[in-house]
Amino acid sequence: MAYLVPLFPLIGFLLNGVFRNTLSKSLVGIIGCGAVLASFIVSVILFLDVRAGGALAVQPLYPFIHVADFKIDFAFQVDQLSSLFLLIITGVGFLIHVYSTSYMHDETNDHFARYFAYLNLFVFSMLLLVLGANYVIMFIGWEGVGLCSYLLIGYWFKNTNYNYAAKKAFVMNRIGDLGFLLGIFWLLSKLGTANYTDVFANISKLTPADITGITVLLFVGAMGKSAQIPLYTWLPDAMAGPTPVSALIHAATMVTAGIYMVARSNALYSLSPVAENLVAIIGIATALFAATIAIRQNDIKKVLAYSTVSQLGYMFLGLGVGAYTGSVFHVMTHAFFKALLFLGAGSVIHAIHNQQDIRYMGGLKKYLPITHITFLIGCIAIAGIPPFSGFFSKDEILAAAYAKNPVYWALGVIGAGMTAFYMFRLYATTFLGEFRGTEEQKHHLHESPAAITIPLIVLAILAFGGGFFNVPAIFGGGQQLHHYLSPVLTTEHEPEINHGTELILMGISVGVAVLAAIIALTKYARKPELGEPEGLGKVLANKWYIDELYDAIIVNPLLALGGFFKNVIEKSGIDGFVNGVGIFIQYSSRRLRLVQNGKVGTYILLMIFSILILWLAFWYQTTITGFFQKIF
């Protein structure tokens, strides 16, 4: 049944895309949502089958690349890891599709259908990435989500800035993808296969240098797709797309692709301490750096965007310290609360007519009760406060980080405190205090329709209870997720700490998060920051000027070089040569034409000259031939 999971969204994409000018909005919504719902149902069946003890299943669909002994099949692999990701992608994806039917209802019929066609294609590509039985099929899905992100970020293509944001995401992802592609080529050159089962069974044929090189190159691809330093700046700009697109990209699909790829390759990474340390260092650096920026952002979606970058850093920290299950667990809980937060932000934006600056919000608690309580649940979950889902997954990563290197843990706790601070700053500024918008906006404030609030309620329930899927042993849990994923994710390198130490670490991290949340609520509930920031606040508000730095040292020099090639090399050089040849031919033809003047005497003179030249050539043939023979 595995092929049905991506097939349904592909059919939805084709129907809505081909017939976009004829289908009604209702029918478009039914096709788009129904396709993902059907995939979710099949995914549940596959998950239950695997959970019941089903063995790893590789399903070849057809020969893809067969050259001599080199064979790559278009095949799907259903195991514990892929079946879990299928549930996350299709489940959260379905809720986002339902939400979109209301949020995007003001679009014209053809653009509404185009939007859902893109969404379905996005889900299809992500499912292909997850289901692929080898790195080549994963790469096809990898490029597919990159293409769809370009289409969705630039969905409102008449806005030049949105087109620039889409292009930026596409180009920056291509930079990372080159590393991923080189890693695949390295694997193919050494092992002659890209199939997961064959690669992991033949790791012994790789030298330590091979393993380190391959894993570092694969991680470069993950850095681009999952927005890690230095390839992270595209993700905040991706907010140019519609809010449901932001939820889809940031929560359950595209940005988690890098996490999935490293987790899938855990057998390789666990044999390369250099690669693991690199992943951990980049991860914690990104988590802290993005958190500092989120503290002073005033765009509600930008705060959540940098929050996503920071949370992805936590996931890579977990992968780097060997807590593969903890990172996958955080992918799951993050999908719940981050989708909830983005869709909640969309509900707020919808209610106050596309206003995204939190300085002009405030007091929305009494106008948007469902949005308010669900958004608050999302804030508590991402802050890592028990018993909400984020607490269980984040503390599992922090515990493993402490066992590997206490410095990682200390930095992670600092990041957790900043996370709680900027999220409750966002919550207090948006929902508490008095409304600071216009009177017209205040007059039209109302709760969003059911198509928006129902997905919020479902996600809020998951954000609250999602952590109970993997209750740690310290609380009497059976760590079900660990046992479920153990056939796929290695645990032999995962460090362990005793329960007493773990309890103390949990207490510290939760205490820091609660204290930061209280400080933010106290500071911003009554006196939000309404003016322009100064000093360090201005630096943070301007994102440490990293975009400007990239423009100065990379973009502008490349544009200048491109201008030189265009105006000097191409126009004056290549075009000048080509045009010069044409001008020379035209000029010489005009001059030669004058020889044909109709005078017999001129023609006889030319004939004599020609005979003389031929006669000289004949008599000197031997001399000339000998001359050339000596040369050559």
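Keep in mind the model is a prediction, meaning the values are calculated, not measured.

K.L.:
Whenever I open this one, the overall build of the chain confuses me. Can you help?
P.N.:
What the chain contains, in helices and strands, is 26 helices and two strands. Once the C-alpha set of the chain is aligned to its principal axes, its extents read approximately 110 × 65 × 55 Å. Long-range contacts, defined as pairs at least 24 residues apart, comprise 80% of the intrachain contacts of the chain with a sequence gap of at least 6. Accessible surface, the chain: about 26,900 Å² in total, of which carbon and sulfur atoms supply 68%.

K.L.:
I keep staring at the packing of aromatic side chains and nothing clicks. Help me out?
P.N.:
In this description, a pair of aromatic rings is defined by centroid distance and the angle of the planes. This structure, assessed with the given rule, holds 28 aromatic pairs. Between Y62 and F74 the ring centres are 5.0 Å apart and the planes differ by 10°, which places this aromatic pair in the stacked class. With Y62 in strand β1 (residues 57-67) and F74 in strand β2 (residues 70-78), this pair connects stretches of sequence that are 12 residues apart. Given the relative accessible area of 41%, Y62 is considered partly exposed. With relative accessibility at 12%, the residue F74 sits in the buried group. Taken together, F112, Y115, F116, Y155, W156 and Y162 form an aromatic cluster joined through their ring pairs. Against the face of Y314 rests K394, its NZ or CZ located 5.1 Å from the ring centre. One residue, R425, lies across the ring of Y524, its end atom 5.6 Å from the ring centre.

K.L.:
How do you make sense of the pairing of β1 when you look at a structure like this?
P.N.:
Side-chain positions along a regular strand alternate between the two faces of the sheet. Pairing of β1 with β2, which is carried by nine bridges, proceeds in the antiparallel orientation. By the bridge assignment for β2, V58 is matched with Q77. Hairpin connection between β1 and β2: a loop of two residues separates the two successive antiparallel strands, and A68 in this loop has a positive phi of roughly 55°.

K.L.:
I'm lost on helix α14 (residues 300-320) in this one. Help?
P.N.:
Residues three or four positions apart in an α-helix share a direction because the helix packs 3.6 residues into each turn. Taking 1.5 Å per residue as the helical rise, α14 with its 21 residues ought to reach 30 Å, and the 31 Å between its terminal C-alpha atoms agrees with that figure. Extensive coverage of α14 is indicated by the burial of 21 of its 21 residues. Regarding α14, its N-cap is D299, as a side-chain oxygen of that residue lies 2.9 Å from the backbone nitrogen of K301 further along. Downstream of α14 by one or two residues, G322 has phi in the positive range, about 90°.

K.L.:
Could you clarify how one ought to interpret the nonpolar core in this entry?
P.N.:
Generally speaking, a soluble globular protein has its nonpolar side chains buried in company with each other. Of all hydrophobic cores here, the largest spans 193 residues; its most connected members are Y135 and W234. Examining the composition of this core, we find that 17 residues originate from one element, helix α15 (residues 324-351), more than from any other. When sequence neighbours within four positions are dropped, the list of residues in contact with Y135 reads F180, I184, L187, A194, Y196, F200, L218, S265 and L268. Of all hydrophobic cores here, the second largest spans seven residues; its members include L398, W409, A416 and L505.

K.L.:
Teacher, can you tell me more about the environment of A117 here?
P.N.:
Among the structural elements, A117 can be located in helix α4 (residues 109-131). A sequence separation of 99 residues divides A117 from V18, and the C-alpha atoms of the two residues are 9.0 Å apart. Residues within four places of A117 in sequence aside, it is in contact with F13, N16 and G17.

K.L.:
Please clarify how the environment of A222 should be interpreted in this entry.
P.N.:
Note on placement: A222 falls in helix α8 (residues 208-225). For A222, a relative accessible area of 0% puts it in the buried group. Among all residues touching A222, those that are not within four sequence positions of it are W142, A227, G258, M261, V262 and F316.

K.L.:
Looking at this structure, I do not really get unusual backbone geometry. What am I missing?
P.N.:
In most cases, non-glycine residues show a negative phi, while peptide bonds are predominantly trans. Backbone torsion omega between I229 and P230 reads 5°, so that peptide bond is classified as cis. Looking at the secondary structure, you find P230 in the loop between α8 and α9 (234-237). The omega torsion of the bond from P386 to P387 falls at 0°, within 30 degrees of zero and hence cis. Positionally, P387 belongs in the loop between α16 (369-383) and α17 (389-404). In the Ramachandran plot, K543 falls in the positive-phi region, its phi being about 60° despite a non-glycine side chain. Tracing the backbone through its elements, the reader meets K543 in the loop between α23 (536-541) and α24 (546-593). With phi around 55°, Y545 is a residue other than glycine that occupies positive phi space. Counting through the fold element by element, Y545 comes out in the loop between α23 and α24.

K.L.:
How should I be thinking about the side chain of K25 in this particular structure?
P.N.:
By the element assignment, K25 lies in helix α2 (residues 25-51). Look at K25: it is buried, it has no salt bridge, and the nearest opposite charge is D106 at 6.1 Å. Within the local environment of K25, its side chain forms a polar contact with the backbone oxygen of E107, the two atoms lying 2.4 Å apart.

Scoring rules and cut-offs
Every chain is numbered independently, its residues counted from 1 as its sequence is written. Local features in this predicted model are restricted to residues of pLDDT 70 or higher, and side-chain atom pairs are both shown and tallied only at a pLDDT of 80 or more, whereas totals for entire chains, interfaces and linings draw on every residue. Side-chain metrics in this entry use all non-hydrogen atoms of the structure; hydrogen atoms and water are not considered. In DSSP terms, a helix is any run of H or I states spanning at least four residues, a strand is any run of E spanning at least two, and both are numbered starting from the N terminus. Whether two residues are in contact is decided by their heavy atoms, any of which lying within 4.5 Å being enough. To be clear on the numbers: accessible area is Shrake-Rupley with a 1.4 Å probe, and residue cover counts the displayed protein chains and nothing else. Pairing of aromatic rings covers Phe, Tyr and Trp, the last through its six-membered ring, and needs centres within 6.5 Å; plane angles under 30 degrees mean stacked, over 60 mean edge-to-face, and all others mean tilted. The buried label goes to any residue with under 20% of its type's maximum accessible area, the exposed label to any with over 50%, and the partly exposed label to all in between, with areas taken from a 1.4 Å probe on protein chains only. Charge-over-ring contacts are defined here by two conditions on Lys NZ or Arg CZ: a distance within 6 Å of the ring centre and an angle within 35 degrees of the ring normal. Strands pair, by our definition, only if DSSP identifies at least two bridges between them. How far a helix is expected to stretch is found by multiplying one less than its residue total by 1.5 Å. Side-chain atoms alone can form a polar contact between residues adjacent in sequence; in general such a contact is a pair of N or O atoms within 3.5 Å, and within protein one must be able to donate a hydrogen while the other accepts it. Residues belong to one nonpolar core when they are buried, are Ala, Val, Leu, Ile, Met, Phe, Trp, Tyr or Cys, and are joined through side-chain atoms within 4.5 Å. In this tally, Asp and Glu contribute negative charge and Lys and Arg positive charge; neither His nor the terminal groups of the chain are included. What counts as a salt bridge is simple: a side-chain nitrogen of Lys or Arg found within 4 Å of a carboxyl oxygen of Asp or Glu.

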